[in-house]
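Here's the letter readout for the chains.
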Amino acid sequence: MSLNKNLSKVLNSKILQGILIANIFAFLIIGIQSSLAPKDTGILVFSEFVIIPMLMGIITAWFWKDMAIRGKQITGYSILNGLIAILMSFFFLGEGFICLLIVSPLIFGFIISGAFIGRAMFKKRNQKLNISIVSLLLGIFIVDSLSDHHHENMVSDELLIEASPEEVWQHVVAFDPISQKENYWLFKIGMPSPMATTVSEHRLGANRKCIFSNGYIFDEKIVKFDINKNLIFDIVDQPKDPEIMGHIDIKRGEFILKDNGNGTTTLIGNSWYNLHVFPTWYYDLWAESITRNVHFRVMEHIKLLSER
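So, a few notes on the structure that sits alongside this text. (Residues numbered from 1 in each chain as written. Predicted model: local features only at pLDDT ≥ 70, side-chain atom pairs only at ≥ 80, totals over all residues. Heavy atoms only, no water.)

**Quick notes on the pairing of strand β5 (residues 230-237)**
Moving on, step 1. Note: strand β4 (residues 217-226) against β5, seven bridges, orientation antiparallel. When the sheet's bridge partners are listed, D219 is paired in β5 with D237.
Moving on, step 2. Bridge count for β5 against strand β6 (residues 248-259) is five bridges, and the pairing is antiparallel. Following the sheet pairing, N230 is matched in β6 by I256. (Pairing = 2+ DSSP bridges. Helix = DSSP H or I, 4+ residues; strand = E, 2+ residues; numbered from the N terminus.)

So this is what it looks like as C-alpha cells:
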C-alpha cells in the first residue's frame, strides 16, 4: 500500500515536472524571439501560437513517456498545461483577458497535438527521428521570427435605411451617444464598443473623434467630404492596450450613401486595417467579426436616428 502511494507521488511529480519545464521553455523561447525580432513592430508571429505550444506538448510527452496514461488523461493534463501558460501570459506578459480568450483555442489545440505527437515519437525510441522533428520545428520558429510579416484587409457592410441620403448624412459625419445595449458577445464581456462620434467642423480636413465605451478615443481626419454621398476619414491616432487594439491598426474608415430613388438609402461602411498577429487564417476571422460588429453597432444607430 505504501509502495503504491510512493509510486503515485512519483508519477504525479513527473506530470507536474513536465508541465513546469514546458512553460519555462516557452517563456525562454519567447524571450529569445523578442530579442531577435525587429523592435517596436508589435508583431506576434504564428510560431508563438503554433510551434511553441506544439513543442510544449512534446516536452511533456517526454516526461510522461514511461507512464501508463491514456489519451483522455493526456488531453486533461495538456489542458492544465495550457491554462498555466495562459495565466503566466496574463500576469507576466500583460496580455488582456479577451486577447487570451481569443488565443486559447490555438494554445490548447497545439499543446494537445504536440503531446500526442510526442507520445508517438518517444514510443518508437528513434533518437535521430525525434531530434529531426524537434530541430525542424525550432528551425521553422527561427525563420518565422526573422521574416517580414504584413497583412492588410478591408471589411465592408451595408444597411438599408428608410430615409433619404440628406437625412442620413447629418448622422454619418457625427452622431449622438449610442444608448442601445450591446448585442455582440465580446462587447458584453468587456471589449470596448463605439459610443459616439464628434467632429470639429463639417468640412474636408476637419478633425473627427470616435469615442468608445471605456473612454478610448480614435483621432481621425476627414480626407473626403462629398455631402450626402461619401465620407472618408483616416485614423491618425488610436489607443494601445493589452486587448485587441494592441494587435490591430485601423487605418481608414468610409461611409457611402447610395440613393435608392424611393426615399430609402443604402448605407455602406468600409474599414481598412493592418493585422499584427499571425496566423492570419485564424486571427483574421476574429478581426473581421469584431470590425463587422463595430460597423453594425454604428450603422444601426445611424438608422435609428435617421428614421426617427
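**Some thoughts on the environment of D144**
Moving on, step 1. If you trace the backbone, D144 turns up in helix α5 (residues 127-146).
Moving on, step 2. A residue is classified by how much of its surface remains accessible, and D144, at 8% relative accessible area, is buried.
Moving on, step 3. Distance from D144 to D259, taken between C-alpha atoms, is 48 Å for residues 115 residues apart in sequence.
Moving on, step 4. Beyond its immediate chain neighbours, meaning those up to four positions away, D144 contacts V45, F46, S47 and H149.
Moving on, step 5. Here the side chain of D144 touches F46 through a polar contact of 3.4 Å, landing on its backbone nitrogen. (Buried < 20%, exposed > 50% of the residue type's maximum accessible area, 1.4 Å probe, protein only. Contact = heavy atoms within 4.5 Å. Polar contact = N/O pair within 3.5 Å; in protein donor to acceptor, adjacent residues only side chain to side chain.)

**Some details on the sheet that holds β4**
Moving on, step 1. The seven strands are arranged β1-β7-β6-β5-β4-β3-β2 in an open sheet whose pairing can be described as antiparallel. With partners counted over all chains shown, the strands left at the sheet margins are β1 (152-161) and β2 (194-199), one partner each. Each strand of the sheet is rotated relative to its neighbour by a mean of 25°, with strand direction disregarded.
Moving on, step 2. Across the sheet, helix α6 (residues 165-172) lies against β1, β3 (207-212), β4, β5, β6 and β7 (265-275), angled at about 160° from β6, the strand it touches most.
Moving on, step 3. On the sheet, helix α8 (residues 280-307) packs against β1, β2, β6 and β7 and is oriented at approximately 30° with respect to β1. (Axes fitted to C-alpha atoms, helices over the stretch in contact; angles between N-to-C directions.)

**Remarks on the nonpolar core**
Moving on, step 1. By size, the foremost hydrophobic cluster in this structure holds 78 residues, and its most contacted members are F255, L267, Y283 and I302.
Moving on, step 2. For this core, the leading source of residues is helix α4 (residues 97-124), giving 11 residues. (Core = buried A, V, L, I, M, F, W, Y, C linked by side-chain atoms within 4.5 Å.)

**Concerning empty space enclosed by the protein**
Moving on, step 1. Taken as a whole and assessed by the stated rule, the structure comprises one cavity of 30 Å³ or more.
Moving on, step 2. Looking at the largest cavity, its volume works out to about 440 Å³.
Moving on, step 3. For the largest cavity, the lining is made up of 30 residues, of which F212, I250, S271, V294 and H295 are closest to its centre.
Moving on, step 4. Grouping the amino acids of the lining of the largest cavity by side-chain chemistry returns 20 nonpolar, seven polar and three charged. (1 Å grid on protein atoms, 1.4 Å probe; cavity = no way out; pocket = protein on both sides within 12 Å on 5 of 7 lines; lining within 4 Å. Points joined across faces, edges and corners; volume = space filled by probe spheres on them. Nonpolar A, V, L, I, M, F, W, Y, C, P; charged D, E, K, R; others polar.)

**Re the layout of surface pockets**
Moving on, step 1. Space inside the second largest pocket adds up to approximately 310 Å³.
Moving on, step 2. Forming the walls of the second largest pocket are 16 residues, and the residues nearest its centre are W62, F122, Q127, N130 and V134.
Moving on, step 3. For the lining of the second largest pocket, the secondary structure elements donating two or more residues are α2 (51-63), α4 and α5.
Moving on, step 4. No other element matches α5, which puts six residues into the lining of the second largest pocket.
Moving on, step 5. In the lining of the second largest pocket, the residues fall into 10 nonpolar, four polar and two charged.

**So, the pattern of salt bridges**
Note that side chains of opposite charge can pair when their charged atoms are close.
Moving on, step 1. For the structure shown, the criterion picks out seven salt bridges.
Moving on, step 2. With a closest N to O distance of 2.5 Å, D157 and R292 form a salt bridge. You can see D157 sitting in strand β1 and its partner R292 sitting in helix α8, a full 135 residues away along the chain.
Moving on, step 3. Since its relative accessible area comes to 7%, D157 is described here as buried.
Moving on, step 4. A salt bridge links R297 to E182; its shortest N-O distance comes to 3.9 Å. Here R297, found in helix α8, pairs with E182, found in the loop between α6 and α7 (185-188); they are 115 residues apart in sequence, far enough to count as distant.
Moving on, step 5. A residue is classified by how much of its surface remains accessible, and R297, at 8% relative accessible area, is buried.
Moving on, step 6. On the basis of relative accessible area, E182 is assigned to the partly exposed category, the value being 25%. (Salt bridge = Lys/Arg side-chain N within 4 Å of Asp/Glu carboxyl O.)

**Things to note about a nonpolar patch on the surface**
Moving on, step 1. A cluster of nonpolar residues, L87, F90, F91, F92, L93, F97, L101, W185 and I189, forms a patch on the protein surface that exposes about 950 Å² of accessible area.
Moving on, step 2. Among the secondary structure elements, those contributing two or more residues to the nonpolar patch are α3 (71-92) and α4.
Moving on, step 3. With respect to the helices and strands, F90 occurs in helix α3. (Patch = residues over 30% accessible without salt bridge, like charges linked within 9 Å, V, L, I, M, F, W, Y side chains within 5 Å. Areas by Shrake-Rupley, 256 points an atom, 1.4 Å probe, with all protein chains shown as cover.)

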